[in-house]
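Given next are the chains, with one letter for each unit.
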Amino acid sequence: DGRDAPAATDVDPGTTPEGDYMGWAVYTRDGGRVLLSNRGTNNVTVYDAATRAVLANIPVGTYPAGIGVTDDLAVIACAFSNEVWIVSLVDYSFVAAIPVSEQPWVVRISPDQTRAYVSCDIPDICEVIDLTELSHDSSISAFPIWLSMFSWASENSRNAVVFSGFEVTPNGQHLIVPNGIDAVLFVNTETAAVDYTVPV
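In this text the structure is predicted, and so the values were computed from the model without any measurement. Along each chain, residues carry numbers from 1 onward, in the same order as the chain's sequence is written. For this predicted model, a pLDDT threshold of at least 70 governs which residues receive local features, and a threshold of 80 or more governs which side-chain atom pairs are given and counted, while totals over whole chains, interfaces and linings are taken from all residues. Hydrogens and water are ignored here; the side-chain numbers use all heavy atoms of the structure.

A. The overall build of the chain, seen in detail. By the criteria applied, helices consist of DSSP H or I runs no shorter than four residues and strands consist of E runs no shorter than two, each listed in order from the N terminus. Looking only at helices and strands, one finds zero helices and 18 strands in the chain. Once the C-alpha set of the chain is aligned to its principal axes, its extents read approximately 85 × 40 × 30 Å. Out of the 200 residues in the chain, the part that is buried amounts to 42%. For this analysis, residues touch if any pair of their heavy atoms sits within 4.5 Å. The long-range fraction of contacts in the chain, counting pairs at least 24 apart against all pairs at least 6 apart in sequence, stands at 31%. To measure how exposed things are, a 1.4 Å probe is used in the Shrake-Rupley method; for residues, cover is taken only from the protein chains shown. Accessible surface, the chain as shown: approximately 10,700 Å² in total, 52% of it carbon and sulfur. Asp and Glu count as negative and Lys and Arg as positive, but His and the ends of the chain are not part of the count. Taken as the charge location is NZ of Lys, CZ of Arg, CG of Asp or CD of Glu. Taken together, the 8 basic and 25 acidic charged side chains of the chain have centroids lying 7 Å from each other. Relative accessibility thresholds used throughout: buried, under 20% of the residue-type maximum; exposed, over 50%; partly exposed, between the two (1.4 Å probe, protein chains only).

Listed below in structure tokens is the structure:
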């Protein structure tokens, strides 16, 4: 019919994006950098907080989610490889990967920066990570955590997830966590016992 046969052409799209399916963002303790977990590309992007320039892309475990930071370390919950990855904030190098319970999502750091607390969704466990020895320290059972929001954008096939959180008291002696029904629990970080229950 006189038409030319179709031809395929590869077009260089330019610089590879730093990540996809954004997870959680956190500032470093000095406020100078922002760390963002990318669930779809299994990495954490480090930005200059003032200029937004990309400083590093750090490969981590599968489906990175919550991040906690000390002065020198980033602690990343990798939800689908059931690991906590620890990387250096000095040179962005790998430090350790510590196995934990199924689906870790939320990370908090003790005030003295010696422990990370990581809540895991499937067994409702909070894992305690020793950041001095870079090892698993202990587990707190019956620790409430749940998926509190899931959203899906059909026009661009992107989703977002939000999990229930918790906080560490300023003295480091308790984890404050809602039970999801009618109370806030104060969980002792040494004994794992619920020392106080505050109705809400």
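Once you've had a look at it, read on.
B. The arrangement of the sheet that holds strand β9 (residues 104-109) in detail. Strand pairing requires that DSSP identify at least two bridges connecting the strands. Strand order across the open sheet formed by four strands is β9-β10-β11-β12, with antiparallel pairing between neighbours. Strands with a single pairing partner mark the edges of an open sheet, and in this sheet they are β9 and β12 (135-140). Ignoring strand direction, the axes of neighbouring strands in this sheet form an average angle of 25°. Axis angles are defined between N-to-C directions and span 0 to 180 degrees, where every axis is a line fitted to C-alpha atoms and, for a helix, only to the segment in contact.

C. Broad picture of unusual backbone geometry. Even without glycine at this site, R52 takes up a positive phi of about 65°. By secondary structure assignment, the location of R52 is in the loop between β3 (43-48) and β4 (54-59). At N82, a position not held by glycine, the phi torsion is positive, near 55°. Positionally, N82 belongs in the loop between β6 (73-78) and β7 (83-88). For N82, a relative accessible area of 27% puts it in the partly exposed group.

D. Region of the structure containing the environment of V100. For V100, the location among the structural elements is in the loop between β8 (94-99) and β9. In this structure V100 comes out as buried when scored by relative accessible area, which is 13%. Note: C-alpha distance between V100 and A77 (23 residues apart in sequence) is 9.2 Å. When residues no more than four places from it in sequence are discounted, the contact partners of V100 are N82, E83, V84, C120, E127 and I129.

E. Region of interest: the sheet that holds strand β17 (residues 183-188). Pairing is antiparallel across the open sheet formed by four strands, whose spatial order is β15-β16-β17-β18. Edge strands, defined here as strands with exactly one partner in the open sheet, are β15 (167-168) and β18 (194-199). When β17 meets β18, the two strands line up antiparallel, connected through five bridges. Note on β18: the bridge partner recorded for A183 is P199.

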